[in-house]
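Examining the three-dimensional arrangement
The lines below spell out each chain.
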Amino acid sequence: MLKIEGLTAEIDGKQILNGIDLEIPTGEIHAIMGPNGGGKSTLSYVLAGRDGYEVTGGTATFNGIDLLALEPEERAAAGVFLAFQYPVELPGVGNANFLRTALNAIRRTKGEPELDAMQFLKLARQRMKELSMPEDMLKRGVNVGFSGGEKKRNEVLQMALLKPGLAILDETDSGLDIDALKIAADGVNALRGPDFSALVITHYQRLLNYIVPDRVHVLMGGRIVQSGGPELAKQLEESGYTAVQAA
Amino acid sequence: MNAIFEPGPLGFLRRYEGLQPRLPGARTPWVQALRDKAAEAIRANGFPTRKIEAWHYTDLALLARTGFAEALTPVDEDVVLPEAVAPSRAVLIDGRFRADLTNAPVRSLGADLSAAEGLLGSVARVDDVPMAALNTMLFEDGVLINVPAEQNAGAIELLSIIQAEGDRPVAVHPRHVIRLGAGAQLVLIERAIGRGEGRYLHNPVIEIELAEGAHLTHARIQQEGAEGIFLSTVFARAAAGATYDSFLLHAGAKLSRSEAYVSLDGPKAMAHLNGAQLLSDGQHGDCTTFLDHAAPDCASRQTVKTVLAGKSRGVFQGKIHVHQIAQRTDGYQMNQALLLSPEAEIDSKPQLEIYADDVKCSHGATVGELDEDQLFYLRARGIPAATARSMLIEAFLQEAVDTVEDETARNALATAVAGWWEKVA
């Protein structure tokens, strides 16, 4: 399980997270909602280990492992997966080569045998079919010339291949039409199970119609200010975040 | 016998005086005239210093203070050759053509200079190109490739190996003459490979004449030894509708500079002057090009990428001269450098001189480090930092290598790039 206690962090000397407390038991999916600038993306980057986000206090452990002490690739090996809000383009790096290198890096740390090109292609094609992705996306440069929706689907494909223990989805719904949204949600729901947890960060309630969370938290001013069941998302959709602030 | 060889231009001029009677063409007036003119240029100008504009970023002090001798390699010495990169190959060992190791349809230039009459010295110039002057004065051998009109000669590897095992620095000056008749085609993959840890000078000059509609793919792969000095010069002239498609790779040597003088002489001629320089600690690499648009409706494309690690220094100088007659010229030049260390330095000097008024010419230069966002993205997927870096550097270079259309040439270049990276990573 993911356990965050009193987590504070800053960027360029500006404090963004003001003491986050959050527990996601194994097998549960939690949603974090909140207004822009509340610290949602910062939380996801701090958990994934991005440079420039300085943790000034608190702890974050996943299945007892101190995440904050690990390099980004070690966190990935420990099972943490961040689906990026804005996936970067990697011109010259083939998508297939990238996916296989990532998958084999993770498999190596787990002591599993690496997949050769043929084995990988078979697996990737199967996953892509499930996500209704055209096969030529394997041949292209990573995210190069992909539409916003294709980039997000590529994130979901990576998640489906790497099978993380904890997925953090940073506004995966932004820029997706309703069909793409369903496909992305299906990708998450397919991983749902006793060994999988997810933190779904979203600005809108829409995504949560398709990925029904066990708990919903509201992140504002760098703190979790309210928590509740799935019904909290609907309430927020109706009343807005200002109502939470007032309360 | 431990002769002490005088360093600098004087040393080379002394060698010339001593060797003159034994050099090929010694009794052939037109050859002798070329050599004497070259010697005169060296006597008058010496070696370039950084005060000369074209040499401002590359210091030849290392060359000037070393005394060089000739290679004393037995003409039939057994040499282990690297794996071939083309179906046929011509081999030079320490500057001498080796017929016994060659299966390509080429001639030794040194053995029969008469076949090169009218070609040798017709494209090259020595007055303002010091290394070409040095080569012209002292060349002993090389190859002559003459592809008849309308013939496709396929792919030929031109392999030049320098063995620098001892502490006696040697200088070799191979001279190659390539002529393609009208509509002829050739893929030439030139490899310069150094063996041993000693210092040496490898100073090849290639003269290229392309008749109307001819197409030459010219891949140049420099993998010299750690102490090698590689100073090479290409002179190419393209007639109407001809294409000179070249790619230069610097992947070795202590000091390397390759100059290309390319003249688009007839309408609708085309030149690609692409390249990549892979420099690690202590290396200096210089890619200098002079492109003459001397006829209308010609096009040129140039993408040169440099990767610099450790304390290395890279230079790119690209001059494009569009003559007044060269209307509707379409020129593109891009120079990109990737700095992997705070101690690395790149100097980039694009120069456009345009005298025609109906011209499309663009150029750009970028210098940067690896992109942090890209690195983080790869690492967040579990890819270790070192692997992630290699992937991004390879991708940077891949874009350059992908400009080479011919598959044989492209594969040879890709293999050389991968080989460099394995050593550095």
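Residues numbered from 1 in each chain as written. Chains lettered and ligands numbered in written order. Predicted model: local features only at pLDDT ≥ 70, side-chain atom pairs only at ≥ 80, totals over all residues.

- As annotated in an unreviewed UniProt entry, chain B carries the name Fe-S cluster assembly protein SufD and comes from Teichococcus wenyumeiae.
- The Sequence similarities (unreviewed entry) comment attached to chain B in UniProt states, word for word, "Belongs to the iron-sulfur cluster assembly SufBD family." (UniProt positions renumbered as here; feature names shortened; annotations may be inferred.)

- Per an unreviewed UniProt entry, chain A is named Fe-S cluster assembly ATPase SufC, and its organism is Teichococcus wenyumeiae.

1. Thoughts on the overall build of chain B
- Across its full length, chain B carries 7 helices and 21 strands.
- Taking 22 Å as the expected radius of gyration for a compact globule of 425 residues, we find that chain B reaches 21 Å, a close match to that expectation.
- For chain B, the spread of C-alpha atoms along the three principal axes comes to 70 × 55 × 45 Å.
- Counting over 425 residues, chain B shows a buried share of 53%. (Helix = DSSP H or I, 4+ residues; strand = E, 2+ residues; numbered from the N terminus. Rg over C-alpha atoms; globule rule 2.2 N^0.38 Å. Buried ≥ 20, exposed ≤ 12 C-beta atoms within 10 Å, placed from the backbone.)

2. Re the pairing of strand 16 (residues 284-293) of chain B
All names here are of chain B.
- Among the 10 residues that make up strand 16, 9 are buried, leaving the element largely enclosed by the rest of the structure.
- Two elements, strand 14 (residues 255-264) and strand 16, share 10 bridges in a ladder whose sense is parallel. Note that in strand 16 the partner of Ser258 across the bridge is Cys287.
- In this sheet, strand 18 (residues 313-322) lies alongside strand 16 in parallel orientation, the contact comprising 10 bridges. The partner of Asp292 across the bridge, within strand 18, is His321. (Pairing = 2+ DSSP bridges.)

3. With respect to the environment of Asp116 of chain A
- One can find Asp116 of chain A in the loop between helix 3 (95-109) and helix 4 (117-130).
- Along the primary structure Asp116 of chain A and Asn104 of chain A are separated by 12 residues, whereas in three dimensions their C-alpha atoms are 9.1 Å apart.

4. Some thoughts on the interface of chain A and chain B
- Residue-level contacts link 20 residues of chain A with 18 residues of chain B.
- Contributing elements (two or more residues each) for the side of chain A that touches chain B: helix 2 (72-77), strand 7 (90-94) and helix 3 of chain A.
- Taken together, the residues of the side of chain A that touches chain B sort by class into 13 nonpolar, 3 polar and 4 charged. (Contact = placed C-beta atoms within 7 Å. Nonpolar A, V, L, I, M, F, W, Y, C, P; charged D, E, K, R; others polar.)

5. Observations regarding the UniProt feature "domain: SUF system FeS cluster assembly SufBD core" (unreviewed entry) in chain B
- According to UniProt, the feature "domain: SUF system FeS cluster assembly SufBD core" (unreviewed entry) maps to residues 168-396 of chain B in the numbering used here.
- A helix fraction of 9% and a strand fraction of 60% characterise residues 168-396 of chain B, whose end C-alpha atoms lie 39 Å from each other.

6. Regarding the sheet that holds strand 4 (residues 53-62) of chain A
- Reading across from one edge, 2-1-4-5 (chain A) is the order of the 4 strands in this open sheet, with antiparallel pairing throughout. Two strands close off the open sheet at either side, each with one partner strand: strand 2 (14-24) and strand 5 (65-66) of chain A.

7. Some points on the domain arrangement of chain B
All names here are of chain B.
- Partitioning chain B into structural domains gives domain 1 (8-266) and domain 2 (371-425).
- Each of domain 1 and domain 2 was reduced to a C-alpha centroid, and the two centroids are 30 Å apart.
- Of all the secondary structure elements, the ones that give two or more residues to the side of domain 1 that touches domain 2 are strand 8 (185-195), strand 11 (215-223) and strand 13 (243-250).
- A per-element tally of the side of domain 1 that touches domain 2 places strand 11 first, with 4 residues.
- Looking at the side of domain 1 that touches domain 2, its residues break down into 10 nonpolar, 2 polar and no charged. (Domains from an automatic or database assignment.)

8. A word on the environment of Cys361 of chain B
- For Cys361 of chain B, the location among the structural elements is in strand 21 (residues 359-368).
- The residues contacting Cys361 of chain B, other than those within four sequence positions of it, are Ile320, Val322, Thr329, Gly331, Leu352 and Ile354 of chain B.

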